[in-house]
Amino acid sequence: MRKLNIGLTDEQRQGVINLLNQDLADAYVLLVKTKKFHWDVVGPQFRSLHQLWEEHYQTLTETIDSVAERVRALGGYPVGTLEGFLKIATLKEEAGTVPTATGMVTRLVEDHEQIIRNLRDHIDQSSENFHDEGTADFLTGLMEGHEQMAWMLRSFIEGQELQPDGSQTLGQTKTPVGV
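Because the structure is predicted, anything quoted here is derived from the model rather than measured.

### Section: the overall build of the chain
Part 1: A tally of regular secondary structure across the chain gives 5 helices and 2 strands.
Part 2: When burial is assessed residue by residue, the chain has 39% of its 179 residues classed as buried.
Part 3: Nonlocal contacts in the chain, meaning residues at least 24 apart in sequence, comprise 75% of its contacts between residues at least 6 apart.

See the structure below:
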């Protein structure tokens, strides 16, 4: 393959590729978890969560493809095995349990927030350590997507709390700040 001449050293490119591969691994773990919850959710929130998670896993699928293509554009190879993803991901699988609908939402919020924190760090590293403003900008777009998905999920679990059987917990309403 012809040596890349895009204004980044091999070390800078490899540093960014490593960050992107971790982001790819986290996105893949989150995709699998989102799909699993999409399949397993039950209760009065079934339809709305089922549809929301379908939108989210479609977005995550596009994100995964974009991250892998960014790695290739920088001359690297994306991680492409489940073993590889699990080895470098900061997120953990949701194995052996089926949480309540609210528990599923909570876990997905936590995972999106972890990815957002990781992306903030990777944006800084891409810019400051590796001088790759293109990747920093690319990661900023990914972060904004995760912020939106996390907001939608958080909005679902705020307000009146529902029990797994669909009943409401009396006296346990959450009031938004400033209302």
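### Observations concerning the packing of helix α1 (residues 10–40) against helix α2 (residues 46–73)
Part 1: Two numbers describe how α1 lies on α2: the axes approach to 9 Å, and their chain directions differ by 160 degrees. As the angle between them shows, α1 and α2 are arranged roughly antiparallel. The two elements α1 and α2 meet at a crossing, and its hand is left-handed. Contacts between α1 and α2 involve Ile-17, Leu-20, Asn-21, Leu-24, Ala-27, Tyr-28, Leu-30, Leu-31, Thr-34, Lys-35, Phe-37 and His-38 from the former and His-50, Trp-53, Glu-54, His-56, Tyr-57, Leu-60, Thr-61, Ile-64, Val-67, Ala-68, Arg-70 and Val-71 from the latter.

### A look at the side chain of Glu-94
Part 1: Tracing the chain through its elements places Glu-94 in the loop between α3 (82–88) and α4 (101–129).
Part 2: Separated by 3.1 Å, the side chains of Glu-94 and Arg-107 make a polar contact.
Part 3: If we skip the residues at most four places from it in the chain, Glu-94 touches Lys-33, Phe-37, Pro-99 and Arg-107.

### With respect to the pattern of salt bridges
Part 1: According to the stated counting rule, one finds 8 salt bridges in the structure shown.
Part 2: Between Arg-107 and Glu-94 there is a salt bridge, with the nearest N and O atoms lying 3.1 Å from each other. Here Arg-107 is found in helix α4, whereas its partner Glu-94 is found in the loop between α3 and α4, with 13 residues between them in sequence.
Part 3: On the accessibility criterion, Arg-107 (31% relative accessible area) is partly exposed.
Part 4: As a salt-bridge pair, Glu-147 and Arg-120 come within 2.7 Å of each other at their nearest N and O atoms. In this pair, Glu-147 sits in helix α5 (residues 133–157) while Arg-120 sits in helix α4, placing the two residues 27 residues apart along the sequence.
Part 5: By relative accessible area, Glu-147 is classed as partly exposed at 27%.
Part 6: Taking relative accessible area as the criterion, Arg-120 reaches 43% and is therefore assigned partly exposed.
Part 7: Here the residues in one salt-bridge network are Lys-3, Asp-10 and Arg-13, joined through shared partners.

### Observations regarding the confidence of the model for the chain
When pLDDT is low, close inspection of the predicted coordinates is not appropriate.
Part 1: On average, residues of the chain carry a pLDDT of 90, and 88% of them reach 70 or more.
Part 2: Contacts for the low-pLDDT stretch residues 171–176, under 50 throughout, to residues beyond four places or in other chains number 6 contacts.

### Some thoughts on the packing of α2 against α4
Part 1: Close contact between α2 and α4 brings their axes to 12 Å; oriented N to C, the two are set at 25 degrees. The angle between the axes of α2 and α4 places the two elements in the roughly parallel class. For the pair α2 and α4, the sense of crossing is left-handed. On α4, the residues that touch Leu-49, Trp-53 and His-56 of α2 are Ala-101, Met-104, Val-105, Leu-108 and His-112.

What counts and what doesn't
- Residue indices begin from 1 for each chain and proceed along its sequence in written order.
- Given that the model is predicted, a residue must reach a pLDDT of at least 70 before its local features are reported, and side-chain atom pairs must reach 80 or more before they are shown or counted; all residues, however, enter totals for whole chains, interfaces and linings.
- Calculated side-chain values reflect all of the structure's heavy atoms, with hydrogen atoms and water omitted.
- Only DSSP runs of H or I with at least four residues qualify as helices, and only runs of E with at least two residues qualify as strands; both kinds are numbered from the N terminus onward.
- Only protein chains enter the accessibility calculation, which uses a 1.4 Å probe; a residue is then buried when its area is under 20% of its type maximum, exposed when over 50%, and partly exposed in between.
- In this analysis, two residues are considered to be in contact whenever any of their non-hydrogen atoms come within 4.5 Å of each other.
- Orientation is described by lines fitted to C-alpha atoms, with helices fitted over the stretch in contact, and by angles between N-to-C directions that extend from 0 to 180 degrees.
- Convention used here: angles under 35 degrees read as roughly parallel, angles over 145 as roughly antiparallel, angles from 65 to 115 as roughly perpendicular, and any remaining angle as oblique.
- Helix crossings fall into two classes, left-handed where the near helix is turned counterclockwise from the far one by less than a right angle and right-handed where it is turned clockwise.
- Definition of a polar contact: a pair of N or O atoms within 3.5 Å, with one able to donate and the other able to accept a hydrogen when the atoms are protein atoms, and with sequence-neighbouring residues admitted only if both atoms are side-chain atoms.
- For salt bridges, the criterion is a side-chain nitrogen of Lys or Arg within 4 Å of an Asp or Glu carboxyl oxygen.
- Each residue carries a pLDDT score, the predictor's confidence in it, ranging from 0 to 100.

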